[in-house]
2 protein chains.
Amino acid sequence: MNPAPALANIRVVLVETSHPGNLGAVARAMKVMGLARLYLVNPKCAVDDEARARASGAVDVLEAAVVCASLDEALAGTVLAAATTSRRRDLPHPAYTPRQAAPRLLEQAQAAPVALVFGSETFGLSNEQLARCRWLVNIPANPDYMSLNLGSAVQVLAYELRATLEDATIALPAFEPARHEEAEGFYAELERTLVAIGFLDPAAPKRLMPRMRRLFARAGLEREEVAILRGILAAVQKGRNNP
Amino acid sequence: MNPAPALANIRVVLVETSHPGNLGAVARAMKVMGLARLYLVNPKCAVDDEARARASGAVDVLEAAVVCASLDEALAGTVLAAATTSRRRDLPHPAYTPRQAAPRLLEQAQAAPVALVFGSETFGLSNEQLARCRWLVNIPANPDYMSLNLGSAVQVLAYELRATLEDATIALPAFEPARHEEAEGFYAELERTLVAIGFLDPAAPKRLMPRMRRLFARAGLEREEVAILRGILAAVQKGRNNP
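Rules used in this analysis
- In this convention, every chain numbers its residues from 1, walking through the sequence in written order.
- In the order they appear in the text, chains get letters beginning with A and ligands get numbers beginning with 1.
- Totals for whole chains, interfaces and linings use every residue, but because this is a predicted model, local features are given only for residues with pLDDT of at least 70 and side-chain atom pairs only at 80 or more, for both listing and counting.
- Secondary structure is summarised from DSSP: a helix means a run of H or I of at least four residues, a strand means a run of E of at least two, and numbering begins at the N terminus for each.
- Working rule for helices: expected span equals 1.5 Å times residues minus one.
- Exposure classification rests on a simple neighbour count of other C-beta atoms within 10 Å of a residue's own: a residue reaching 20 or more is buried, one at 12 or fewer is exposed, and one in between is partly exposed. C-beta atoms are placed from the backbone.
- By the criterion used throughout, residues are in contact when their C-beta atoms, derived from the backbone, lie within 7 Å.
- Just so you know the grouping, Ala, Val, Leu, Ile, Met, Phe, Trp, Tyr, Cys and Pro go in nonpolar, Asp, Glu, Lys and Arg go in charged, and all remaining residues, Gly too, go in polar.
- Domain delimitation follows an automatic or database domain assignment.
- Any two strands with at least two DSSP bridges between them are considered paired.
- Whenever a helix is involved, its axis is fitted only over the stretch in contact; in every case the axis is a line through C-alpha atoms, and angles between N-to-C directions fall within 0 to 180 degrees.
- A clockwise turn of the near helix away from the far one marks a right-handed crossing, whereas an anticlockwise turn of less than a right angle marks a left-handed crossing.

1. Description of helix α8 (residues 150–167) of chain B
The α-helix winds at 3.6 residues per turn, so residues separated by three or four positions along the chain end up facing the same way. Under the 1.5 Å per step criterion, the end-to-end length of α8(B) is 26 Å for 18 residues, consistent within 8% with the ideal 26 Å. In terms of burial, α8(B) is largely enclosed, as 16 of its 18 residues are buried.

2. Re the interface of chain A and chain B
The interface is formed by 46 residues belonging to chain A together with 47 residues belonging to chain B. Considering each element in turn, the side of chain A that touches chain B owes the most residues, 8 residues, to helix α11 (residues 223–241) of chain A. Here the residues of the side of chain A that touches chain B are counted per class, giving 24 nonpolar, 13 polar and 9 charged.

3. Remarks on helix α2 (residues 20–32) of chain B
Its 13 residues give α2(B) an end-to-end C-alpha distance of 19 Å, which sits within 8% of 18 Å, the value for a rise of 1.5 Å per residue. Of all the 13 residues making up α2(B), 12 are buried; the element is thus mostly covered by neighbouring parts of the structure. B:Pro20, B:Asn22, B:Leu23, B:Gly24, B:Ala25, B:Val26, B:Ala27, B:Arg28, B:Ala29, B:Met30, B:Lys31 and B:Val32 are the residues of α2(B) that are buried. Where α2(B) is buried, its residues contact α8 (150–166) of chain A together with β1 (10–15), β2 (37–41), α3 (49–55), α4 (59–63) and α8 of chain B. Remark: B:Gly34 follows α2(B) within two positions and exhibits a positive phi of approximately 95°.

4. Looking at the domain arrangement of chain A
Per the domain assignment, the segments of chain A are domain 1 (4–166) and domain 2 (180–241). Placing a centre on the C-alpha atoms of domain 1 of chain A and another on those of domain 2 of chain A gives a separation of 56 Å.

5. Digging into the sheet that holds strand β4 (residues 80–85) of chain B
Residues and elements named next belong to chain B. Judged by pairing direction, the sheet is parallel, and its 7 strands sit side by side in the order β3-β2-β1-β6-β4-β7-β5 without closing on themselves. The open sheet has two free edges, formed respectively by β3 (66–68) and β5 (95–96), since each of these has just one partner strand. Taken together, the 4 bridges between β4 and strand β7 (residues 135–138) define a ladder with parallel strand orientation. Pairing of Thr85 across the sheet is with Asn138, part of β7. Against the sheet, helix α6 (residues 98–109) contacts β1, β4, β5, β6 (114–118) and β7, and its axis sits at roughly 155° relative to β4.

6. Observations concerning the packing of helix α6 (residues 98–109) of chain A against α8(A)
All names here are of chain A. α8 packs onto α6 with a crossing angle of 65° between their chain directions and a minimal axis gap of 9 Å. Crossing hand, α6 versus α8: right-handed. Residues Pro98, Arg99, Ala102, Pro103, Leu105 and Leu106 of α6 form the contact with α8, whose own contacting residues are Val156, Leu157, Glu160, Leu161, Thr164 and Leu165. Of the residues belonging to the contact of α6 with α8, the class tally is 9 nonpolar, 1 polar and 2 charged.

7. Structural notes on unusual backbone geometry
Even without being glycine, A:Lys206 reaches a positive phi, approximately 50°. Structurally, A:Lys206 is set in the loop between α9 (180–196) and α10 (208–219). If you check the backbone angles, B:Glu16 has positive phi at about 50° while not being a glycine. Relative to the elements of secondary structure, B:Glu16 occurs in the loop between β1 and α2. Given 21 C-beta atoms within a 10 Å radius, B:Glu16 is considered buried.

8. A closer look at the environment of A:Gln155
Relative to the helices and strands, A:Gln155 resides in helix α8. Ignoring sequence-local partners within four residues, the contact set of A:Gln155 consists of A:Ala29, B:Ser152, B:Gln155 and B:Val156.

9. Looking at the environment of A:Lys238
Residue and element names in this part refer to chain A. Inspection of the secondary structure puts Lys238 in helix α11. A residue is classified by how many C-beta atoms lie within 10 Å of it, and Lys238, with 13 of them, is partly exposed. Distance in space between the C-alpha atoms of Lys238 and Lys44 is 77 Å, their sequence separation being 194 residues.

10. A word on the environment of A:Val154
Residue and element names in this part refer to chain A. Tracing the backbone shows Val154 in helix α8. According to the C-beta neighbour criterion, Val154 is buried, with 27 such atoms within 10 Å. Between the C-alpha atoms of Val154 and Phe118, which are 36 residues apart in sequence, the distance is 8.0 Å. Excluding residues that lie within four positions of it along the chain, Val154 makes contacts with Val12, Val26, Ala29, Met30 and Phe118.

Rendered as structure tokens:
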């Protein structure tokens, strides 16, 4: 699936952010996962040099940020808004983990804008602001230290969205697996060699060959690896004949 | 499930980090997800006021960091090391997404230390350093902007581990995995033996040892298997001396 259309519909809404460095970190966290729509509700700081430095190559996201006077303004046009927190709250909201929320957010985002809402560094979101969000997303955290940095919270959510979209698209490198008879040919040659070098006593083989089979089966032998391994066995045998 | 025992066995290994702010951000990213073991390999900066400021309430993680002169030193005693990158590489490593890697890392971490390895901000990890890690973990990212901040990369992995732990019950590994130094000892002996039998030309080694490492890394070597394999190598060598 091409992640672009769904991700383009995801807004990151920061409410009353007070540290310019966090604005930059958020922009970078977004862009690295393919998000671009940043909304700043009543920001308590400017997009300054510190913000731009922390944004690194994501200054474009920062410069394109939409500044709003209210949360309602930032949520206008969205079909779903999720308030993000690392604290559990006793609130009458459906509360999800990022992993539970991501598929639903992406599903909605294919057709219309959705928003991830993050409160201020010091005060979080007010109850009135939370009431304007349909969902609560609780980021799992250490109960003894829940102080998730704003940029990190955005990073976790943005990552979760992208990972859910791409799920299983980073494929293992395509190597050609060995055929059954090729693997068996290797095992037979390995056994002959182990007998020849005196490591395996045919009269008391114990569990040596089953152990070897188990090891290579776990790896899943490739065709080329079987060729290399047989080459090694041939060199071992040849060394014995012509030392 | 109580996340503490598995998370306590997870090391975050930073190689040649150059920005103190990143050290602090990493410490905070770790602690917020319940990780505490930080290793600094040949750091290019000091744990200074900037690092402590960025660590916020995670200064304890920063102060307890173990400084090492080499990657091997930081990986000593680990049974699994995963090198983290946002770039795809053409390397003979098993490569996983964080989501694919997390259950396996946690499974191993219930019994013994495992490591997440992160390269320097500018140069990443060298091929030699990558070769010492059993796995590659590719963090999903925007192909047009893969510049994941070091603290963010650690945050994503730490989050994924915690989210996976809180999601599921992880099974215990049935066999005892080989320690890093045991696996490295086997690779070194294998290389010596391959040279001795004339299969590996030290002047033109090609990709033979990386291929061998890849095969055994995929299997996940057990302690007893390493002992058997070294026994076989000893028998090969002895056979050459006394044919």
